[in-house]
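Examination of the molecular architecture
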Amino acid sequence: MVLQKIKTFAIAALSATLFISAPIQAVTPSPQMIEQFKSLPASEQQRLAKQYGISPSVLSGQGSQSGQIAEATPIPARQVQAKEQQADSLDFEQETKKGELSFFGYDMFAGEPTTFAPISDIPVPSDYIVGPGDTLNVQLYGKDNREYTLTIGRDGNIQFPELGPISVVGHTFSELRAYLGERIQKQMIGVESNITLGELRSIRIFIAGDAYKPGSYTVSSLSTITQALFAAGGVNEIGSLRNIQVKRQGQLVGSFDLYDLLLKGDASKDINLRSGDVVFIPSVGGRVSITGEIRRPAIYEIKSNETIDDVITMAAGVNPGAYPKRSSIERYNNNGLKSIVNVDLTSAKAASKLAKAGDFIRVKSASTQYEDAITLVGAVVRPGKYQWYQGQKVNDLLPTIWGDLAISADLNYALIIREINKFGKIEVLQFSPGKAIAQKDHSQNIELSPRDKVILFNYDDSSINRYQLNKLVQNRAKKIKSLSSDSLIGTDLFKAGFKSMNIDAAGSMLHKASIGGVVIPGSDKELNEQEQLIGDEVSKMLSNLFDDRDLIKLSGSMSREELLFPIISKLSQQSSPSEKVQVIAISGKVKNGGIYPLATNAKVSDLLVAAGGLIEGAYTNRAELTRTENSDSLSDIKHIHVNINNALNHLPSDDLLLEGRDMLVVLTTPEWQERKSIEIRGEVKFPGMYNIRRGETLADVMQRAGGFTDYAFPTAAVFVRESVKQQEQLEIKKLADQLRRDIATRGVSKDGTVVNYSEAQLMLTDLENIQAVGRLVVDLNAIQVGIEQADLQLEDKDILYVPTTKQIVSVMGEVQHPSTHRFKEGTTLDQYLSMSGGPRERADSDRTYIIKADGSVMMPKQSFWFSSKAALTAGDTVIVPLDTEYKDNLTLWTQVTQIVYNSAVALATISGL
């Protein structure tokens, strides 16, 4: 009966506790409940623990101190997003950062667990007020040695075995310890005591207002305001972080500003809570946004009487790159409109200006420009920005040639770009680095001015390692994402892109570089899409060469035209209708032809130096200077003859002062011939390479080669010429395009049959893959006997193949069995066709032709001297073409098959050598 009453009471007590607890909390049994629970049978204990989520370790008394606070389900992480409280404003540079700003401090609570019970080994403060549920550990020593664990009951008493019930409610721990120690000393003679706190009670508090999860929470009796906030998931985005209140029995007992903890680490006002306390979070007050060159851009909550300087302090101050003198505040005025107030944050007046709710503070950045700095780029060891000082000269910036200039530097040509007014207009000065640094020539050792840009060039651009420069272009060329990175590494992307940026004297972007109406040779290549895209990116990069740290660092890998690009572009932009563009050009027999900026007082000799000097074959007695002369009504072109020798010797009559848009053409020496050679292979006595002079013929070279060997077969010789090869390749391309159009437009033949597109496409593919041979028919036998009409004037890269004696006749094309037969004297065409099985059904027998051993073509049906009954000669090839009517009436089939067969015969002859 007694057991049943205890069981009933325990279940009722547990149930009451469960129903009162907050929905998200597990059951936290009191010490009295635990004692009653222990008196129940084991099976009943397990059932109750399972039903109400009570930990067995807690009920058995083996749990730690923090075990009284049940582990609650963590509140899911929340995303703290800024909700811009301001309307859209003007399109400022930093306007997009508005939406990126977040509310300061709220992410402190994102994703944290809900229980922050103190750990068991922290000291209990002396002002801790004990209450029901706390446990006291009393150790007696002296005459008697005993230990007691005493729990404060609901009536506020402890049951001390020798002293009886003692009321301890309302006492602080220090008062309780002193009080108990004194009573033990008086009532238990010869006994000393040591009193400590054991397990602490749990308390129930309420979190109200704009908390993330407001409600009733069971926490440790040592919990503070911040721990209670963590238990509730923190503060909602509309809740205040700066005025968190603690109310006890309806009275305000304390408030806490979380900014003190977050910004200063000050937790002195983070007071301990008591059972029944209410943590109230009011709505947020005014907010101020701050962005720009600030260390911690965010949206901050402000109190009354806080100033702009206080907001800057909350944001951790300005960045080193800030320019606080030109900051601004966007603020709503009395008319509900937004106004902008410029403030100097370095002044005391602006710093003391009161911040208002809704303010948007922008801390502007400082300029990226350098004041009075010298920019050094190109073929130097250490390119970059350098200090300028009064009286500084070129040899002060570059003291030594070996220590400061790259080994590939051009010692004769360098430029200084100088700003001549506040609008950025420039002029160009030319000097010789070798004379300025080594010889200290006063005319070349130019005194530098603020913001000068000094450019040194490589003497030979072909020997530069451009790998890092190409890699930089690859990383920056966002438009070529479709290309794989592996395919880009190792190719000269920078130079490939630069081809698409050729400019004329007026600075216009053209596919062909021209000046004065003259097309500069070598610039008329077709550009593919990749090169054009890269060129656009390269153009943007080069325009900012002097302000781009990465490009300045790699400027030593740039070519002469790339380093000159931003200068020529700038000169083109600053021109006017009344003033010529200050650029000049040079072409012909010079090392680096192209477009150059017109330097101050530049002469013909200076332009020759800029182009790297003359090359072999230059005609020094005469060059042509083309000049544009403008008048009020028209423009005219004038040609001036210049003696290069006199100009290089600085004679005033020829070393003329240059003007904008001038173009100098250095002529080639009359009858000058570059090294030309031909190759003779096969059955000659001395095969090999032979240098030739202009006008030399094939008979002359054959005589130098010693003539034919005894095994030569001159009739079947193959003569290949590069110019003929290029012409044939062009014709093949035209024929392929025509065939493609014919296939597309001739869907049905005359007899109504549908074109077999698969076969047509296969033939088209074969045609596109054919490589022209460039064979020119020659009669070596006629040349050998001295017939001048058969002789041939030679060109560079000609090749003569003289095969060995041939004793075969080949039959190809539409025959039953294409094959090669041994030559038999007197065998006719019809007999050779019969030996190959005769023509096929789709063969065009009437158009059968013979490719003679010398490469000429003979049509037996149309020749007066040759018929199908006539005999063939050794080395001949019989071709039986495809019937064009059989091939769906496509008119180009005959030409296609003939090209295929002729190329095959020529290649077979060459490969046999």
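This report concerns the structure included in the present document. All of these numbers come straight from a predicted model, not from anything done at the bench.

Let's shift gears to unusual backbone geometry. Note on backbone geometry: most residues besides glycine have negative phi, and most peptide bonds are trans. Of note in this structure, Asn601 is not a glycine but carries a positive phi near 60°. Structurally, Asn601 can be placed in the loop between strand E24 (594-597) and helix H19 (604-610). With a phi angle near 65°, His650 is a residue other than glycine that sits in the positive phi range.

Read across the sheet, five strands follow the order E12-E11-E15-E13-E14 without closing on themselves; strand pairing throughout is mixed. The open sheet terminates on both sides in strands that have one partner only, identified here as strand E12 (298-302) and strand E14 (338-343). The average undirected angle you get between the axes of adjacent strands in this sheet is 25°. When strand E13 (residues 327-332) meets E14, the two strands line up antiparallel, connected through six bridges. Across the sheet, Ser327 pairs through a bridge with Val343, a residue of E14.

Tallied over the entire structure, the rule returns 31 salt bridges. With its nearest N and O atoms 3.2 Å apart, the salt bridge here joins Glu419 to Arg451. On the criterion of sequence distance, the pair formed by Glu419 in strand E18 (residues 409-419) and Arg451 in the loop between helix H12 (433-437) and strand E20 (453-458) is long-range, its members being 32 residues apart. According to the relative accessible area criterion, Glu419 is partly exposed, its value standing at 29%. With relative accessibility at 27%, the residue Arg451 sits in the partly exposed group. A salt bridge links Glu629 to Lys638; the shortest N-O distance between them is 3.8 Å. Glu629 sits in the partly exposed class, given a relative accessible area of 36%.

With that out of the way, let us pick up the packing of aromatic side chains. The full count for this structure, using the stated rule, is seven aromatic pairs. Relative to Tyr106, the ring of Phe103 has its centre 6.1 Å away and its plane inclined at 70°; by these criteria the two rings are edge-to-face. Pair check on accessibility: Phe103 and Tyr106 agree, each one buried. Seen from their ring centres, Tyr148 and Phe160 are 5.6 Å apart, and the 55° between their planes marks the pair as tilted. Here the residue Tyr148 occupies a position in strand E2 (residues 146-151), and Phe160 occupies one in strand E3 (residues 157-160), the gap between them amounting to twelve residues. Aromatic rings pair up to connect Phe104, Tyr259 and Tyr300 into one cluster. The ring of Tyr212 has Lys213 sitting right over it, with the charged end atom 6.0 Å from the ring centre. Here the basic side chain of Lys247 rests over the ring of Phe280, its NZ or CZ set 5.1 Å away from the ring centre.

Now for the nonpolar core. Of all hydrophobic cores here, the largest spans 53 residues; its most connected members are Ile567, Ile586, Tyr596 and Leu664. Among the elements that line this core, the one with the most residues is helix H18 (residues 560-573), at six residues. Those residues in contact with Ile567 that sit more than four places away from it in its chain are Leu415, Ile417, Ile426, Val428, Ile455, Phe546 and Pro597.

Okay, the sheet that holds strand E7 (residues 215-220) next. Ordered by their spatial adjacency, five strands build an open sheet running E7-E6-E10-E8-E9, and the pairing between neighbours is mixed. Whereas interior strands pair on both sides, the edge strands pair on one side only; in this sheet they are E7 and strand E9 (251-256). Here the average twist between neighbouring strands, direction ignored, is 30°. Strand direction decides the pairing type here: strand E8 (residues 244-248) and strand E10 (residues 278-281), joined by three bridges, are antiparallel. Counted as the bridge partner of Lys247 is Val278 from E10.

Conventions we followed
- Residues numbered from 1 in each chain as written.
- Predicted model: local features only at pLDDT ≥ 70, side-chain atom pairs only at ≥ 80, totals over all residues.
- Heavy atoms only, no water.
- Helix = DSSP H or I, 4+ residues; strand = E, 2+ residues; numbered from the N terminus.
- Pairing = 2+ DSSP bridges.
- Axes fitted to C-alpha atoms, helices over the stretch in contact; angles between N-to-C directions.
- Salt bridge = Lys/Arg side-chain N within 4 Å of Asp/Glu carboxyl O.
- Buried < 20%, exposed > 50% of the residue type's maximum accessible area, 1.4 Å probe, protein only.
- Phe/Tyr/Trp six-rings, centres within 6.5 Å; stacked < 30°, edge-to-face > 60°.
- Lys NZ or Arg CZ within 6 Å of the ring centre and 35° of its normal.
- Core = buried A, V, L, I, M, F, W, Y, C linked by side-chain atoms within 4.5 Å.
- Contact = heavy atoms within 4.5 Å.

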